[in-house]
Amino acid sequence: MESCLFCKIANHEIPAEILYEDDRIMAFKDISPQAPVHFLLVPKKHIENLMETAENDESLLGHILFYAQKIAKQEGCEEKGARFVLNCKTDGGQTVNHLHLHVLGKRMLYWPPG
Ligand code: AMP
Ligand code: ZN
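Presented here is an overview of the structure given in this document.

We now examine helix H2 (residues 58–74). Each α-helix turn comprises 3.6 residues. Residues three or four places apart therefore point the same way. Compared with the 24 Å implied by 1.5 Å per residue over 17 residues, the 25 Å span of H2 between its first and last C-alpha is a close match. Every buried residue of H2 is accounted for by Leu60, His63, Ile64, Tyr67, Ala68, Ile71 and Ala72. End-on view of H2: buried residues confined to an arc of 160°, all on one side of the axis. H2 presents Glu58 and Leu65 as exposed residues on the side facing more than 90 degrees away from its buried surface. For H2, the elements touching its buried residues are strand S1 (18–21), strand S2 (25–29), strand S3 (37–43), strand S4 (82–85) and strand S5 (101–105). Of the residues trailing H2, Gly76 is marked for its positive phi of about 95°.

In structure tokens, the structure reads:
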């Protein structure tokens, strides 16, 4: 999608601190980190949010989750864990309308969210 920020990052049109990339996904550091480790994983194809996924996106979603934990370990979160967050639409607090999984670590996070 032409005007989408995360499509532009995934296409290397806008720079980001990339942690991982393959033909289907990209992981990059959040520009406004809310924890010492804070990165995002996005599908390279434009999907608005989790609720806009289709039947054939199932393996892509699994791929995102699998690499989320793998990169979290590489970033030093294996011992104490991390938080894996998918904000969806207005009530979910989504501000960028391209599906992205947040991974936050190296800080104690509390529940419930505000
Ligand atoms: P959400 O509120 O779940 O839609 O999260 C959007 C996230 O994208 C926020 O944590 C922002 O800090 C992050 N963000 C916005 N612009 C950029 C950018 N250019 N590079 C990296 N992260 C970004
Ligand atoms: Zn997009």
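Next comes the rest of the write-up.
The next point concerns the coordination of the zinc ion (ligand 2). The protein atoms donating to the zinc ion (ligand 2) are Cys4 (SG), Cys7 (SG), His46 (ND1) and His98 (ND1), with metal-donor distances spanning 2.0 to 2.3 Å. Here the zinc ion (ligand 2) is ringed by 4 donor atoms whose angles at the metal span 105 to 117°, and the overall shape comes out tetrahedral. All donors to the zinc ion (ligand 2) come from one chain, and their sequence spacing reads C-x2-C-x38-H-x51-H. Note on Cys4: relative accessible area 6%, which makes it buried.

Each value, and the rule that gives it
Residues numbered from 1 in each chain as written. Chains lettered and ligands numbered in written order. Predicted model: local features only at pLDDT ≥ 70, side-chain atom pairs only at ≥ 80, totals over all residues. Heavy atoms only, no water. Helix = DSSP H or I, 4+ residues; strand = E, 2+ residues; numbered from the N terminus. Expected span 1.5 Å × (residues − 1). Buried < 20%, exposed > 50% of the residue type's maximum accessible area, 1.4 Å probe, protein only. Arc of directions from axis to C-beta. Contact = heavy atoms within 4.5 Å. Donors = N, O, S within 2.8 Å, 3.2 Å for Na, K, Ca; no water. Tetrahedral: all angles 85-135°; square planar, octahedral: opposite > 155°, others 65-115°.

These values are about where atoms sit, not about what they do.
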